[in-house]
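Notes for the structure review
Chain by chain, the residues:
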Amino acid sequence: MKLNDKGLLVVLSGPSGVGKGTVRKALFDMPDQNFVYSVSMTTRKMRPGEVDGKDYYFVSREEFEKRIEDGKFLEHAEFVGNYYGTPLDEVNKQLDNGKEVILEIEVEGALQVRDKVKDAVFIFLVPPSKEALYNRLKRRGTESEEVIQERIAKANREFKLAYKYDYIVVNDEVNNAADRIMAIIRAEHAKTWRSIHKYEELLDMKDDKNKGDNK
Ligand code: 5GP
């Protein structure tokens, strides 16, 4: 299979509470999409309503560290006292099947993916304001004030790294944010270096050595 027949790896980051999960669900509800969500592994405690194997694979620190040693993660990071990581095998399998794989991960892990997967697309989701972010974390009601403050401090550190992403999308309204992300994904697919191999015959470039070089 040619590289460009593979699905797109889309990395979605943004501070805790910005609404990544909600935007992702809105994307998955759109017609004619081919997305799969990469379920991460974590050592954090399960929140009420979360399902093991669907929201995360919940494991002990010991098990997580063993998997790090065995090279089973595409990336992993520690976030406010817990490990989070992307299982490598599943991502590769889905990309090979032509699926668009969405990773919803924090910045440190995203930068590891940046180094390893050169053709991935990086999107940073921002809240309309800092107040909106605080109110969302507070409303979620799943964390203590202390953890909320830690997550806000972490958010401020993450904002400083947004410039490393390919796109910044504001989550003012969930469906608008999802529409913007869909537009980005469509445009990425149409990029010449990703798509020209499909048109070799039409464009008379069977023997052209430069095809697809203009990334
Ligand atoms: P939460 O505890 O709120 O579910 O997640 C905390 C942060 O960890 C969020 O920013 C979330 O996107 C990020 N996260 C979730 N899964 C992964 C992962 O596999 N790798 C990395 N690096 N971050 C993740």
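Bear in mind that the values here come from a model prediction, so they are computed numbers and not experimental data.

1. Some thoughts on the overall build of the protein
Each helix and strand in the protein was counted, giving eight helices and nine strands. Here the C-alpha coordinates of the protein stretch approximately 65 × 40 × 30 Å along the principal axes. Taken over 215 residues, the protein has a buried fraction of 45%. In the protein, of all internal contacts separated by at least 6 residues, the share reaching a separation of at least 24 is 66%. Here the protein contributes 37 positive and 39 negative side-chain charges, whose respective centroids are spaced 2 Å apart.

2. Considerations on the side chain of glutamate 158
Take glutamate 158: it is sitting in helix H6 (residues 145-159). For the buried glutamate 158, which has no salt bridge, the nearest side chain bearing the opposite charge is lysine 154, at an N-O separation of 4.9 Å. From its side chain, glutamate 158 meets the backbone nitrogen of valine 107 in a polar contact 3.4 Å long. Here glutamate 158 is in contact with Gly14, Pro15, Ser16, Phe79, Glu106, Val107 and Phe124, once residues within four sequence places are set aside.

3. Some details on the packing of helix H5 (residues 130-140) against H6
Two elements in contact, H5 and H6, have axes separated by 10 Å at closest approach and are oriented at 145°. Between H5 and H6 lies a crossing whose hand is right-handed. Each of Lys130, Leu133, Tyr134, Leu137, Lys138 and Arg140 in H5 lies in contact with H6, whose residues at this interface are Glu145, Ile148, Gln149, Arg151, Ile152, Ala155, Asn156 and Phe159. Residues that form the contact of H5 with H6 fall into these classes: seven nonpolar, two polar and five charged.

4. Section: the site of the ligand
In the vicinity of the ligand, 16 residues are found, and the nearest of them are Ser40, Arg44, Tyr56, Tyr84 and Glu106. Separating an oxygen atom of the ligand from a side-chain N or O atom of tyrosine 56 is a distance of 2.5 Å. Interatomic distance of 2.6 Å between a side-chain N/O atom of glutamate 106 and a nitrogen atom of the ligand. Isolated, the ligand exposes 510 Å² of accessible area, and the fraction of that covered by the protein chains is 95%. Listed by contribution, the elements that provide at least two residues to the shell around the ligand are strand S5 (73-79) and strand S6 (82-87). Residue composition of the shell around the ligand, by class: five nonpolar, four polar and seven charged.

Here is what the cut-offs are and how they apply
Residues numbered from 1 in each chain as written. Predicted model: local features only at pLDDT ≥ 70, side-chain atom pairs only at ≥ 80, totals over all residues. Heavy atoms only, no water. Helix = DSSP H or I, 4+ residues; strand = E, 2+ residues; numbered from the N terminus. Buried < 20%, exposed > 50% of the residue type's maximum accessible area, 1.4 Å probe, protein only. Contact = heavy atoms within 4.5 Å. Lys, Arg positive; Asp, Glu negative; His and termini not counted. Charge placed at Lys NZ, Arg CZ, Asp CG, Glu CD. Salt bridge = Lys/Arg side-chain N within 4 Å of Asp/Glu carboxyl O. Polar contact = N/O pair within 3.5 Å; in protein donor to acceptor, adjacent residues only side chain to side chain. Axes fitted to C-alpha atoms, helices over the stretch in contact; angles between N-to-C directions. Left-handed = near helix turned anticlockwise from the far one by under 90°. Nonpolar A, V, L, I, M, F, W, Y, C, P; charged D, E, K, R; others polar. Near = heavy atom within 4 Å. Areas by Shrake-Rupley, 256 points an atom, 1.4 Å probe, with all protein chains shown as cover.

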